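These are the residues of each chain, in order.
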Amino acid sequence: MFAIEVENLQFGYKEKIIDDISFKIEEGKFVSLIGPNGSGKSTIIKLLSHLYPPWKGKILIGNEDINSLSKKELARKVSLVPQNTLIDYDFTVEDIVLMGRYPYKKKFEKYDEKDYEIVHEALKATNTLHLKDKYITEISGGERQRVIIAKALAQETPIILLDEPTSHLDINHQMEILNLLRRLNKEKKTTIIIAIHDINLASRYSDEIIIIGSGKIIDNGIPEKVITKENMEKVYGINVAIEINKHTKSLSITPISN
Ligand SMILES: Nc1ncnc2c1ncn2[C@@H]1O[C@H](COP(=O)(O)OP(=O)(O)OP(=O)(O)O)[C@@H](O)[C@H]1O
Ligand SMILES: [Mg+2]
């Protein structure tokens, strides 16, 4: 069973950006999108969360056409942690994470004890419980990133899309969040799709990596298949050394020259 199927997807804001992309992601997989700045990773993630309608092609979410799902139905299947979240309103951290519960509420229905319990667990899991009563405008960039991840957890969806979820995080919180995502992936079979620049972390945590270059899929498959000297040269124009890290047993690349 596939969590997501994309067929011949084409999209642009003005000019064409996503150029006839097709891929399938099996349920319960941990998948990373990698590729240079501007290659289209965020655009793909936005299309998968229906922020924009594609020009052409098809997106199936758990066998259902994304166009046939209401906003709330989609929000019960897919949660999104965007690359940049601009929230300037005076919401508290708890308010923001509670918003993750909206797909389960009828219009004007109040949040109940169960919602608060789920929010509490999500705050605990992301190590942000101590920030609960702070305003979102009064916390650091990395704390904010963890709060937005908490909101996605509270949404309790079978698929989570995260656009550079570790970009603002220190080395400890990077591992904490990726370990948390892996735990969700293993224990709840949540399908995790992240855009990430750190190829070593992508190789370490992913079942599959999709390399995006100029709006096309350059390669996809298990890390050992796609993280090659040839692909790194082709996509990033860099010469790398590739080794197996003796501690993590995953691939480790070192840029040598460009
Ligand atoms: N809102 C927008 N309007 C017009 N063009 C856009 C918009 N957002 C992105 N683009 C363009 O679309 C292309 C793909 O951008 P996208 O954000 O998907 O790249 P990315 O792979 O996520 O890059 P990064 O690694 O820098 O986050 C880029 O050329 C970018 O300039
Ligand atoms: Mg991006």
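The residue numbering used here restarts from 1 in each chain and proceeds along that chain's sequence as written. Whichever chain is written first becomes A and whichever ligand is written first becomes 1, with later ones labelled in order. The predicted nature of this model means local features are confined to residues of pLDDT at least 70 and side-chain atom pairs, given and counted, to a pLDDT of 80 or more, with totals for whole chains, interfaces and linings taken over all residues. In computing side-chain values, all of the structure's heavy atoms are included and hydrogens and water are not.

Caption draft 1: Highlighting the overall build of the protein chain. Secondary structure counts use DSSP, requiring at least four H or I residues in a row for a helix and at least two E residues in a row for a strand, with both numbered from the N terminus. A tally of helices and strands in the protein chain yields nine helices and 12 strands. C-alpha atoms define the radius of gyration, and 2.2 Å times the number of residues to the power 0.38 defines the globule rule. A globule of 258 residues ought to have a C-alpha radius of gyration of about 18 Å, and the protein chain, at 18 Å, matches this closely. In this scheme, a residue with accessible area under 20% of its type's maximum is buried, one over 50% is exposed, and one in between is partly exposed, where area comes from a 1.4 Å probe on protein chains only. Going through the 258 residues of the protein chain one by one, you find that 48% of them count as buried. In the protein chain, once contacts between residues fewer than 6 apart in sequence are set aside, the share between residues at least 24 apart is 63%. Accessibility throughout is a Shrake-Rupley quantity obtained with a 1.4 Å probe, and a residue counts as covered only by protein chains that appear here. Accessible surface, the protein chain: about 13,100 Å² in total, of which carbon and sulfur atoms supply 50%. Only four residue types enter the charge count: Lys and Arg as positive, Asp and Glu as negative, with His and the chain ends excluded. Charge placement uses NZ in Lys and CZ in Arg. For Asp and Glu, CG and CD serve respectively. Each charge class in the protein chain was averaged separately, 36 positive and 37 negative side chains, and the resulting centres sit 2 Å apart. The criterion used for residue contact is that any of the two residues' heavy atoms lie within 4.5 Å.

Caption draft 2: Local environment of the sheet that holds strand 7 (residues 159-163). The six strands lie next to each other as 6-7-8-3-9-10, forming an open sheet whose pairing is mixed. Each edge of the open sheet carries a strand with a single partner, namely strand 6 (78-81) and strand 10 (216-221). Across the sheet, the mean angle from the axis of one strand to that of its neighbour is 15 degrees, orientation sign disregarded. When DSSP locates at least two bridges between a pair of strands, those strands are taken to pair. Of the pairings in the sheet, the one linking strand 3 (residues 30-34) to strand 9 (residues 208-213) comprises four bridges and is parallel in character. What sits directly across from Ser32, in strand 9, is Ile209. Lying on the sheet, helix 1 (residues 41-48) is in contact with strand 3, strand 6, strand 7, strand 8 (191-195) and strand 9; it crosses strand 7 at an angle near 150 degrees. Here an axis means a line fitted to C-alpha atoms, over the contact stretch when the element is a helix, while the angle between two N-to-C directions is reported on a 0 to 180 degree scale.

Caption draft 3: View of the sheet that holds strand 5 (residues 64-65). Spatially, four strands are ordered 2-1-4-5 in an open sheet, and the strand pairing comes out antiparallel. A strand with exactly one partner marks an edge of an open sheet, and here the two such strands are strand 2 (16-26) and strand 5. Bridge count for strand 4 (residues 56-61) against strand 5 is two bridges, and the pairing is antiparallel. Pairing of Ile61 across the sheet is with Glu64, part of strand 5. Contacts from helix 1 reach strand 1 (2-12), strand 2 and strand 4, with the element oriented near 65 degrees to strand 2.

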